[in-house]
Amino acid sequence: IDTALVGWSTIQVFDADKNLVWRWDGYDHFGPADIEKHIVTSLKRPKAVDAMHSNSIDFDEAGNVIISSRHLCAITKVHYPSGRVDWQLGGLKNSFTMQNDTTWFSYQHDARWLPNGHMLLFDNANYDTTIGRKPVVYDTFSRAVEYALDTVAHTATHVWEYRHDPPVLSFAMGSAERLLPSGNTLIGWGAVPNGPFLVCTEVTPAGKTVFEMKDGDADYNYR
């Protein structure tokens, strides 16, 4: 019998005195069938599977938990305090129909719940999530992307994105942050293999660059 060690994500909430007051375990809600197949088959150590690889946590206006899990290619809303999974954006258990876009995000980072109820994230775009779910395919660009979510009709409408010119592919890490009150977006490009190393770009809602930083000596910028 072949066996594998499968690692899931855990979320913990502590009070001001460092007492554990809430815990959520991914393995209670997800199983092997929810993992993108290439994650299992492409790892250098196939006996150990990093099933979720959650890389950011945020909260909506009601205090529910928003998790970005790279290896599920998904954003998950976890109800607080019950711990139930209310919906999933992207991935194999996707709850939404995409509108105004033809490509789903993949290997994403830094999902943020905006005050207007939209979702902003950094789409690494390392994996082809269009219909057919091909094996590992590297798209030509990463992007910051914003969706308007209707959690009743379960639609995700693409309302804004920024792609660098020339295109940038970030194979890991990265971030996207909406700056208030300007409405500009600060994009951290993560791990970009081709120099000069692009650290971050600030753009207006119209996509005009107002600031950009490069560092030829850096290896990566996580966030």
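Residues numbered from 1 in each chain as written. Predicted model: local features only at pLDDT ≥ 70, side-chain atom pairs only at ≥ 80, totals over all residues. Heavy atoms only, no water.

(A) Structural detail: the sheet that holds strand S13 (residues 155-163). Ordered in space as S9-S13-S12-S11-S10, the five strands form an open sheet in which the pairing is mixed. The sheet terminates laterally at strand S9 (97-99) and strand S10 (109-113), the two strands that pair on one side only. Taking the axes of each pair of neighbouring strands and ignoring which way they run, one obtains an average angle of 25° across the sheet. Across six bridges, the pairing between strand S11 (residues 118-123) and strand S12 (residues 143-150) is antiparallel. Pairing of Met119 across the sheet is with Tyr147, part of S12. (Pairing = 2+ DSSP bridges. Helix = DSSP H or I, 4+ residues; strand = E, 2+ residues; numbered from the N terminus. Axes fitted to C-alpha atoms, helices over the stretch in contact; angles between N-to-C directions.)

(B) Seen up close, the side chain of His71. Assignment of secondary structure puts His71 in the loop between strand S6 (65-69) and strand S7 (74-78). Residue classification places His71 among the buried residues on the basis of a relative accessible area of 7%. Within the local environment of His71, its side chain forms a polar contact with the backbone oxygen of Asp50, the two atoms lying 2.6 Å apart. (Buried < 20%, exposed > 50% of the residue type's maximum accessible area, 1.4 Å probe, protein only. Polar contact = N/O pair within 3.5 Å; in protein donor to acceptor, adjacent residues only side chain to side chain.)

(C) Up close: a nonpolar patch on the surface. On the surface, Val210, Phe211 and Met213 cluster together into a nonpolar patch covering about 250 Å² of accessible area. With respect to the secondary-structure elements, Phe211 resides in strand S17 (residues 209-214). (Patch = residues over 30% accessible without salt bridge, like charges linked within 9 Å, V, L, I, M, F, W, Y side chains within 5 Å. Areas by Shrake-Rupley, 256 points an atom, 1.4 Å probe, with all protein chains shown as cover. Salt bridge = Lys/Arg side-chain N within 4 Å of Asp/Glu carboxyl O.)

(D) Quick look at the pairing of strand S5 (residues 54-59). In terms of strand pairing, S5 meets S6 through five bridges, oriented antiparallel. From the neighbouring strand, Ser56 faces S6, where its bridge partner is Ser68. The turn joining S5 and S6, which pair antiparallel and follow one another in sequence, is formed by five residues; a positive phi near 90° is taken by Gly63.

(E) Seen up close, the pattern of salt bridges. This structure, assessed with the given rule, holds 11 salt bridges. In this structure, the salt-bridge partner of Arg143 is Asp101, at a minimum N-O distance of 3.3 Å. A residue pair is termed long-range when its members are at least 10 positions apart, and Arg143 in strand S12 and Asp101 in the loop between S9 and S10 qualify at 42 residues. When its relative accessible area of 21% is taken as the criterion, Asp101 is described as partly exposed.

(F) Broad picture of the side chain of Asn184. Locating Asn184 in the fold gives a position in the loop between strand S14 (175-178) and strand S15 (185-188). Looking at Asn184, the relative accessible area reads 10%, which means it is buried. Within the structure, the side chain of Asn184 is placed 2.9 Å from the side chain of Glu202, a separation counted as a polar contact.

(G) View of the packing of aromatic side chains. Counting across every chain of the model gives seven aromatic pairs. Pairing Phe122 with Trp189 gives two aromatic rings, centres 5.9 Å apart and planes at 75°, and the pair type is edge-to-face. With Phe122 in strand S11 and Trp189 in the loop between S15 and strand S16 (198-203), this residue pair connects regions lying 67 residues apart in the sequence. Neither residue differs from the other here; Phe122 and Trp189 are each classed as buried. Taken together through their ring pairs, the aromatic side chains of Trp87, Phe96 and Trp113 make up a single cluster. Between Arg163 and the ring centre of Phe141, over which it is positioned, the NZ or CZ distance is 3.9 Å. Sitting over the ring of Trp160, Arg178 keeps its end group 5.4 Å from the ring centre. (Phe/Tyr/Trp six-rings, centres within 6.5 Å; stacked < 30°, edge-to-face > 60°. Lys NZ or Arg CZ within 6 Å of the ring centre and 35° of its normal.)

(H) Representation of the sheet that holds S17 in the model. Taken together, four strands build an open sheet; the order of strands is S14-S15-S16-S17 and the sheet is antiparallel. Looking at strand neighbours, the two that pair on one side only are S14 and S17, the edges of this open sheet. Within the sheet, the average angular offset between the axes of one strand and its neighbour, ignoring direction, is 10°. Examined bridge by bridge, S16 and S17 share five bridges and lie antiparallel to one another. Within S17, the position partnered with Val203 by the bridge is Thr209.

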